[in-house]
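# Results of the structural survey
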Amino acid sequence: MISKELLEILACPSCKGDLSYDTKKALLICHGKHCPECGMPLDAAGDCTREGCDASKPRPAGLEYRIEEDIPIMLIDEARKFPLQ
Ligand SMILES: [Zn+2]
Ligand SMILES: [Zn+2]
């Protein structure tokens, strides 16, 4: 369980966006637009902002951060990427 206070100070380590908490799945979710390859944010043109990433105009992905023993794992590499609608 994540407290409201903690949720308020947490931000996505990739895009610094707000996170929403899925109580059912116990996941923190960022609905910002991220690269489905490397998880870094996409720029306004839809390209990955990570230098050297070869994803070109990738389909934007959201990120899910899991919580283990009440500690959110705020690592881009560990986040699960899911296609945004
Ligand atoms: Zn994000
Ligand atoms: Zn990328």
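In what follows, the accompanying structure is described. Just so we're clear, the structure is a prediction, and the values are computed from it rather than from any experiment. (Residues numbered from 1 in each chain as written. Chains lettered and ligands numbered in written order. Predicted model: local features only at pLDDT ≥ 70, side-chain atom pairs only at ≥ 80, totals over all residues. Heavy atoms only, no water.)

### Focus: the coordination of the zinc ion (ligand 1)
Protein coordination at the zinc ion (ligand 1): the donors are Cys12 (SG), Cys15 (SG), Cys30 (SG) and His34 (NE2), at 2.0 to 2.3 Å from the metal. In this structure, the zinc ion (ligand 1) is coordinated by four donor atoms arranged in tetrahedral fashion, with angles at the metal of 99 to 115°. Here the donor residues for the zinc ion (ligand 1) map to a single chain with the spacing C-x2-C-x14-C-x3-H. Of the two residues, Cys15 is situated in the loop between helix H1 (4–9) and strand S1 (20–22) and His34 in strand S2 (residues 27–34); the sequence distance between them amounts to 19 residues. Judged by relative accessible area, His34 falls into the buried class, the value being 0%. (Donors = N, O, S within 2.8 Å, 3.2 Å for Na, K, Ca; no water. Tetrahedral: all angles 85-135°; square planar, octahedral: opposite > 155°, others 65-115°. Helix = DSSP H or I, 4+ residues; strand = E, 2+ residues; numbered from the N terminus. Buried < 20%, exposed > 50% of the residue type's maximum accessible area, 1.4 Å probe, protein only.)

### What to know about the coordination of the zinc ion (ligand 2)
Around the zinc ion (ligand 2), the protein contributes the donor atoms Cys35 (SG), Cys38 (SG), Cys48 (SG) and Cys53 (SG), at 2.2 to 2.3 Å from the metal centre. For the zinc ion (ligand 2), the four donor atoms in the first shell make angles of 95 to 117° at the metal, a pattern classed as tetrahedral. On the primary sequence, the residues serving as donors to the zinc ion (ligand 2) are separated as C-x2-C-x9-C-x4-C. Here Cys48 lies in the loop between S2 and strand S3 (61–68) and Cys35 lies in the loop between S2 and S3, a separation of 13 residues in the sequence. Across this residue pair, the class does not change: Cys35 and Cys48 are buried.

### With respect to the nonpolar core
If you look at the biggest cluster of nonpolar residues, it comprises twelve residues: Ile2, Leu10, Cys12, Leu19, Tyr21, Leu28, Cys30, Leu63, Tyr65, Ile67, Ile76 and Ala79. Those elements that place two or more of their residues in this core are S2 and S3. With three residues, the single largest contributor to this core is S3. Setting aside its immediate chain neighbours within four residues, Ile2 contacts Leu7, Tyr21, Ile67, Asp70 and Pro72. Counting residues in each nonpolar core, the second largest holds six residues, with Cys35, Cys48, Cys53 and Ala55 among its members. (Core = buried A, V, L, I, M, F, W, Y, C linked by side-chain atoms within 4.5 Å. Contact = heavy atoms within 4.5 Å.)

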